[in-house]
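Residues per chain are reported as follows:
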Amino acid sequence: MRSLSHLKIMGLFAAVVVLIGTALSADDKGKKEEGPMLPGTKHRVHDMARPQPRIVTPGEKPGDPPSDAVILFDGKDLSKWVGKKDEPAQWKVENGYMEVVPKAGTIRTKETFGDCQLHIEWAAPAEAKGEGQSRGNSGVILMGRYEVQVLDSCGNTTYADGMAASLYGQSPPLVNACRKPGEWQTYDIVWIGPKFNGKELVSPARVTVFHNGVLVHHGKEMLGSTSHKKLAQYSPHEPTGPLTLQDHGQPVRYRNIWYRPLTDYDQTEPPSAQKEK
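One numbering rule holds for all chains: residues counted from 1, following each sequence as written. In keeping with the predicted nature of the model, local features appear solely for residues at pLDDT of at least 70, side-chain atom pairs appear and are counted solely at 80 or more, and the whole-chain, interface and lining totals rest on all residues. With hydrogens and water excluded, all non-hydrogen atoms of the structure serve as input to the side-chain values.

Student: Would you explain the pairing of strand E5 (residues 107-113) in this entry?
Tutor: Regular strands have side chains that alternate between both faces of the sheet. In this scheme, strands are said to pair when DSSP sees at least two bridges between them. In DSSP terms, a helix is any run of H or I states spanning at least four residues, a strand is any run of E spanning at least two, and both are numbered starting from the N terminus. Where strand E2 (residues 81-82) meets E5, two bridges bridge the pair, whose relative direction is antiparallel. Each residue of the ladder has a partner; that of Trp 81, found in E5, is Thr 109. Examined bridge by bridge, E5 and strand E14 (residues 241-245) share four bridges and lie antiparallel to one another. Bridging across to E14, Thr 112 finds its partner in Pro 242.

Given below as structure tokens:
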């Protein structure tokens, strides 16, 4: 037979377990305000009252746009693009892609954007002609000012800050991840535009680029707007700008172009809903 003291100890132990369980249950349900404040937020660690992120449905396969993406080119037409002097874009559209028509001019989106995630696919001509900058040259230009170079860099040597996936005239990619000419290639870009206070630059643009799934720039700061044979510099501009695709005289192709505006943490509504308020 167990002693009375032993039974008392067991009883006390059971009571402690119940109390701990009740406390944990209350914490999980947000009934207790536990944890220190998180810097830069209005919330505590493990705060159950913190807003839940909005739900975004991923694309079915890599490269497919998620449910909140803004589609800039779906392979059907250039209705979201303009050319010289805001006239309709004159590039060729067929078989799900657009193709540069030499001398038709650079095109840009009607819509403008700032910080974003951008996906774009491109292909240099299958028949490799020329060398250096004369082979499959085009450009993906964010906000109409900051260029990620498009070039056939498979077995084609040029200056390092002008090869495929370079930040043109500024930074070579970390590696050369270029596919063979004629094959489809992808750029996945995370873009943080520059911030100005009047004429003063508060923070420079930063860009992260994956070329064919390979990281080639990681939070790289840009020196300024893209220039040719000049040191890049910043000049104040609007917080949003168009996506521009360059006509460099060669029939480069593009397809599956979309972007997602980047938002702050603890935001539950898409930017479009915020603009409507």
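Student: Teacher, can you tell me more about the packing of aromatic side chains here?
Tutor: Given two aromatic rings, one states the distance between the centres and the angle between the planes to describe the pair. Between the rings of Phe, Tyr and Trp (Trp by its six-membered ring), a pair exists once the centres lie within 6.5 Å; its type follows the angle of the planes, with under 30 degrees stacked, over 60 edge-to-face, and the other angles tilted. All told, the structure shown has eight aromatic pairs when counted by the stated rule. With a centroid separation of 6.3 Å and 20° between ring planes, the pair formed by Trp 91 and Tyr 254 is classed as stacked. Remark: Tyr 254 occurs in strand E15 (residues 253-261) and Trp 91 occurs in the loop between E2 and strand E3 (92-94); sequence separation between them is 163 residues. Accessibility expressed as a relative area gives 5% for Trp 91, which makes it buried. Judged by centre distance (6.2 Å) and plane angle (65°), the ring pair of Tyr 159 and Tyr 168 falls under edge-to-face. When its relative accessible area of 36% is taken as the criterion, Tyr 159 is described as partly exposed. Note on classification: 1.4 Å probe, protein chains only; a residue is buried when its accessible area is under 20% of the maximum for its type, exposed when over 50%, partly exposed between these limits.

Student: What exactly am I supposed to notice about unusual backbone geometry here?
Tutor: Working note: non-glycine residues mostly have negative phi, and peptide bonds are mostly trans. A positive phi angle, close to 60°, is found at His 46, a residue other than glycine. In this fold, His 46 is placed in the loop between helix H1 (4-28) and strand E1 (70-73). You will see that Lys 85, though not glycine, has its phi angle at about 50°, which is positive.

As far as function goes, none of this settles anything; it's purely spatial.
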